[in-house]
Amino acid sequence: MLCGFSVIGILRLKTDFRSQSLVATDSSAEIDAQLAKATFGRPPTAVIFVGDPQLDTPGSRKALIDLHAELTRVPGVDDVESIVSIPDVRDEGGMLHTGPALSGDPAEQSLTLAAENPLLRGAFISEDATATAFIVTTRDRTSDKSIAKVLEKIVLDAREDFSEAYLLGSIPIQASVAPLLLKDLIRALPVAVLSLFLVL
């Protein structure tokens, strides 16, 4: 009976699996983190990695532009950084060119040229221009769980256009870890209660 009541109690528990819950709000680390957030904004919460040997082709470049646009439309997403939005500065025939590395007509763009920029190479695009990343920042933590489901769906759809597409970062980690921890609690607490009952 005690085990049954404990399981019912677990199902009503509200657990906080965020890393912030492990840090005291008045600690120096948390104070510094809040100061950095107020100064520079909220840190990125998800990264979408996309890779394909034929990434630098008109069809793939258009798919990258469409993917960026789709990510910006997700409710709760505050900002998306990628080669579609990050400024690229380079010399083209003696003229200074500024603007996003990938914009306009995909047939006239070049990811290989963008990879020559040391500010983009290794951060937003691989050296061989076969992989790129989309950095997603959300407005607040309360919506991260629902956003994770939407981003996972977008990544699954992206695998139809690219050979590789993965969702990384704190959003997918928290969304996947929370159910596992809850299952462990449901299994462990009844055993703990029963053991305590036997000892007493």
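Thresholds, definitions, all that
Residues numbered from 1 in each chain as written. Predicted model: local features only at pLDDT ≥ 70, side-chain atom pairs only at ≥ 80, totals over all residues. Heavy atoms only, no water. Helix = DSSP H or I, 4+ residues; strand = E, 2+ residues; numbered from the N terminus. Buried < 20%, exposed > 50% of the residue type's maximum accessible area, 1.4 Å probe, protein only. Contact = heavy atoms within 4.5 Å. Areas by Shrake-Rupley, 256 points an atom, 1.4 Å probe, with all protein chains shown as cover. Pairing = 2+ DSSP bridges. Axes fitted to C-alpha atoms, helices over the stretch in contact; angles between N-to-C directions. Core = buried A, V, L, I, M, F, W, Y, C linked by side-chain atoms within 4.5 Å. Salt bridge = Lys/Arg side-chain N within 4 Å of Asp/Glu carboxyl O.

S.K.: How would you explain the overall build of the chain if you had to name every residue and give the values?
M.R.: A tally of helices and strands in the chain yields 6 helices and 6 strands. Along the chain direction, N to C, the helices and strands of the chain fall in the order α-α-β-α-β-β-β-α-β-α-β-α. Here the chain holds 200 residues, and the buried ones make up 34% of them. The long-range fraction of contacts in the chain, counting pairs at least 24 apart against all pairs at least 6 apart in sequence, stands at 68%. When the accessible surface of the chain is summed, it comes to about 12300 Å², and 62% of that surface belongs to carbon and sulfur atoms.

S.K.: Let's hear about the sheet that holds strand S6 (residues 164-168): which residues, and what values?
M.R.: Spatial strand order, S2-S5-S1-S6: 4 strands in an open sheet with antiparallel pairing. Of all strands in the sheet, those bounded by a partner on one side alone are strand S2 (77-81) and S6. In this sheet, neighbouring strand axes are inclined to one another by 15° on average, regardless of whether the strands run parallel or antiparallel. With 6 bridges joining them, strand S1 (residues 46-51) and strand S5 (residues 131-138) adopt antiparallel strand pairing.

S.K.: I'd like a description of the nonpolar core, backed by residues and values.
M.R.: If you look at the biggest cluster of nonpolar residues, it comprises 36 residues, and the most contacted ones within it are Leu64, Leu71 and Leu151. Among the secondary structure elements, those contributing two or more residues to this core are S1, helix H3 (58-72), S2, helix H4 (111-114), S5, helix H5 (144-158) and S6. Ranked by residues supplied to this core, first place goes to H5 with 6 residues. Leave out the neighbours within four places in its chain, and Leu151 touches Ala46, Ile48, Leu71, Val74, Leu167 and Ile171.

S.K.: Describe the environment of Ala133, and please don't skip the residues or the numbers.
M.R.: Among the secondary structure elements, Ala133 is positioned in strand S5. Between the C-alpha atoms of Ala133 and Leu167, which are 34 residues apart in sequence, the distance is 9.9 Å. Sequence-distant contacts of Ala133, that is, excluding residues within four places in its chain, are made with Val47, Ile48, Glu81, Ser82, Ala123 and Phe124.

S.K.: Quick rundown of the pattern of salt bridges? Include the residues and the values.
M.R.: Overall, the coordinates contain 3 salt bridges when judged by the stated rule. With its nearest N and O atoms 2.6 Å apart, the salt bridge here joins Arg61 to Asp56. Across the salt bridge formed by Asp157 and Lys153, the nearest N and O atoms sit 2.8 Å from each other. Residue Asp157 and its partner Lys153 are both found in helix H5; the two are separated by 4 residues, about one turn of the helix. Residue classification places Asp157 among the partly exposed residues on the basis of a relative accessible area of 30%. Note on Lys153: relative accessible area 47%, which makes it partly exposed.

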